[in-house]
Amino acid sequence: MEEGSSSVFSVGDALEIIFEFDETGKISYANPEAEKKLEYENGLCGRSIVDVFPNEFKAVGNAFTTEYSFDEKPKQLVAYRGNLTCFPVEAKIIKSGSTPETYVCMANDMLEKEYLKREIAQVKQEAEHALKVKSEFVANVTHELRTPVNGVLGNVKELLGEEVDSRTMKSLRMIERCCVDMNKIIDNILDFSKLEAGKFTLEPRRFHVREMLDYVKGTHSAKITEKGLQFFMTVSPNVPEYVIGDELRIKQILNNLLSNALKFTSVGKVTLEVLKTAQMDDRTELFFIVIDSGIGIDDADKDKLFQSFSQVDASISRRYGGTGLGLNISKQLVELMGGRIGVESQKGKGSTFSFSVWLGSCEEEKSTEQRMDTINPSRYAPGETASFGQEESESGDAVKQYGTPENREALKKALSKLILCVEMENWEKAEMFMDTIRQLAEGAPQEVGRVILRLKMAVQKENYDRITAGFEELKGFLQAEEVHA
Ligand code: ADP
């Protein structure tokens, strides 16, 4: 048996004891594992099979006899080391069938196997215990956190009901928003730890798909308006009215994808599409697509997205916030519902997140569908598109194209929002509007580009005087261009 054989598998690397002997019982080859385990002082080669398995093989003159039936299933044998101590092995010995006859013995150290089995069981037990302790800890901490947060929230709500001056009102609203955000983070951590510990269960119920979608849309309407984005929702006509599934968790996935889409988009539109992609017996597959025209994601970062605590880069998390848990939770929820989640994206152009879920069909669905067809074709007929936002979709591209009236209008709006944020010293938001301005001014003449760069640096340095100077300069350019247009 050649150790340096050209096959991918090398006997020399095997973790099994392997050796070869001839018809006299003399060992002619032993792999390193055999040498290591059997510990013969001058090596195994030249020793006899009778030395290794004396209970099974007996020497007879220049040969051996044995009751061992070759080429059968592995058998429990006792292997003897060079120092005459022994250990149990599971061995299989095969005959070559050639003349002269050669034999190959392959054996596993059962002591080691047992030891490893016990080790694995112990490590598994320890890991399970650690996970249990961790989940209990997370559950306790999140509970402890939620109590004071809700306490603050309750008091703020009470104060908001009273007559307060506008400055106090603003502060109270801010505290309220922080508490709501904090509760979202707590919920995410709790869900994540439950999913990780395998303690998460879905709660399927019958629900109305379009009502659920309307609710989700409503949740984000304020943000859409605040950012001046367009929003479109398209529901394919074959999507059933009612399905059976965990509505809360589907909403959670959609909310996460939509809030990301809105968070990372400063110009353009966000679209939600829903389709029915399969029907099998009483199960329906729905497919959801969330498309945005935002900052996009690098190819290299796409794989990291669905891992826990993963954000594309630290500056993004500083600016946009978030825990990096949302997509991981969404992925686990989608998989619990028998579906898959994925992303396609181009840096600077936008992202498309999509996921499928399998849901139960409702008994009455068929008749409802027929009724809907004849009486009320669709709530979003004819193309089942519901939209709101500032512009019509055709003008979306015009907004992005520097120099068009739509673009100038959007630039002016973003500039005034920027200056408002600067005055309010809301630097985070100011940077966001600065990004919008930069995107809107792509393709602008060099001098405009230079002013924008100076303005951006001034915003980053929170330099009020330079910002106002840059703002005036840019406004001047825009006005001059408007006159020439
Ligand atoms: P987070 O709570 O931090 O947003 P997520 O798991 O939801 O956590 O998202 C992880 C990261 O994936 C985000 O921080 C961002 O870097 C990236 N990401 C998610 N959605 C988008 C999107 N629509 N456009 C660009 N980047 C995105």
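Scroll up a little and you will see the structure.
Quick word on helix α9 (residues 326-336)
At step 1: Within α9 the residues assigned to the buried category are G326, L327, N328, I329, S330, L333 and V334.
At step 2: Elements that come into contact with the buried residues of α9 comprise α4 (166-196), α6 (247-263), β13 (341-346) and β14 (350-361).
At step 3: Immediately beyond the C-terminal end of α9, within one or two residues, lies G338, with a positive phi of roughly 75 degrees.

Thoughts on the state of the cysteines
At step 1: For the structure on display, the rule yields 0 disulfides.
At step 2: Looking at the unpaired C179, the closest cysteine sulfur is the one in C178, lying at 6.9 Å.
At step 3: For C179, a relative accessible area of 8% translates into the label buried.

Notes on the sheet that holds strand β6 (residues 86-95)
At step 1: On the basis of which strands lie adjacent, the open sheet formed by 5 strands has the order β2-β1-β7-β6-β5 and antiparallel pairing. With partners counted over all chains shown, the strands left at the sheet margins are β2 (27-30) and β5 (75-80), one partner each. Along the sheet, successive strands turn relative to each other by an average axial angle of 35 degrees, direction set aside.
At step 2: Bridge count for strand β1 (residues 17-22) against β2 is 3 bridges, and the pairing is antiparallel. In the strand pairing of β2, F19 is matched with A30.
At step 3: Its contacts with the sheet put helix α3 (residues 110-161) on β5, β6 and β7 (102-109), and the angle it makes with β6 is roughly 115 degrees.

Re a nonpolar patch on the surface
At step 1: On the surface, F137, V141, L145 and M182 cluster together into a nonpolar patch covering about 330 Å² of accessible area.
At step 2: No other element matches α3, which puts 3 residues into the nonpolar patch.
At step 3: With respect to the element layout, L145 can be found in helix α3.

Overview of the pairing of β13
The two faces of a sheet get side chains in turn, since along a regular strand they alternate between them.
At step 1: Residues of β13 alternate between two faces, with I341, V343 and S345 buried on one and G342, E344 and Q346 left unburied on the opposite face.
At step 2: For β13 and β14, the ladder comprises 6 bridges, and the chain directions are antiparallel. Within the sheet, the bridge partner assigned to V343 lies in β14 and is F353.
At step 3: In this structure, the hairpin formed by β13 and β14 is closed by a connection of 3 residues, where G348 is found at a positive phi of approximately 85 degrees.

Some remarks on the pairing of β7
At step 1: Relative to β7, β1 is paired through 6 bridges, and the arrangement is antiparallel. Residue pairing for β7: D22 is matched across the bridge by T102.
At step 2: Two strands pair when backbone bridges link them, and β6 and β7 are joined in this way by 7 bridges, in the antiparallel orientation. Within β7, the position partnered with E90 by the bridge is N108.
At step 3: Remark: 6 residues form the turn of the hairpin made by β6 and β7, two consecutive strands paired antiparallel; G97 in that turn has positive phi of roughly 80 degrees.

Observations concerning the packing of aromatic side chains
At step 1: Evaluated as defined, the whole model comprises 14 aromatic pairs.
At step 2: Ring centres of F21 and Y103 lie 5.0 Å apart, and the angle between their planes is 5 degrees; on these two criteria the pair is classed as stacked. Here F21, found in strand β1, pairs with Y103, found in strand β7; they are 82 residues apart in sequence, far enough to count as distant.
At step 3: Classification of F21 as buried rests on a relative accessible area of 0%.
At step 4: Directly above the ring of Y242 sits R206, whose terminal nitrogen or CZ lies 3.8 Å from the centroid.
At step 5: One Lys or Arg, K251, reaches over the ring of Y215 and ends 4.3 Å from the middle of that ring.

Description of the pattern of salt bridges
At step 1: Applying the stated criterion to the full structure yields 20 salt bridges.
At step 2: We note a salt bridge from K117 to E114, for which the minimum N-O separation is 3.6 Å. One end of the pair is K117 and the other is E114, both in helix α3 and 3 residues apart, which spans about a single turn.
At step 3: What makes K117 exposed here is its relative accessible area of 55%.
At step 4: Salt bridges sharing partners connect three or more residues here, namely E33, K36, K37, D109 and E112.

Rules and cut-offs
Residues numbered from 1 in each chain as written. Predicted model: local features only at pLDDT ≥ 70, side-chain atom pairs only at ≥ 80, totals over all residues. Heavy atoms only, no water. Buried < 20%, exposed > 50% of the residue type's maximum accessible area, 1.4 Å probe, protein only. Helix = DSSP H or I, 4+ residues; strand = E, 2+ residues; numbered from the N terminus. Contact = heavy atoms within 4.5 Å. Disulfide = S-S within 2.5 Å. Pairing = 2+ DSSP bridges. Axes fitted to C-alpha atoms, helices over the stretch in contact; angles between N-to-C directions. Patch = residues over 30% accessible without salt bridge, like charges linked within 9 Å, V, L, I, M, F, W, Y side chains within 5 Å. Areas by Shrake-Rupley, 256 points an atom, 1.4 Å probe, with all protein chains shown as cover. Salt bridge = Lys/Arg side-chain N within 4 Å of Asp/Glu carboxyl O. Phe/Tyr/Trp six-rings, centres within 6.5 Å; stacked < 30°, edge-to-face > 60°. Lys NZ or Arg CZ within 6 Å of the ring centre and 35° of its normal.

Remember that the coordinates give geometry; whether it matters functionally is a separate question.
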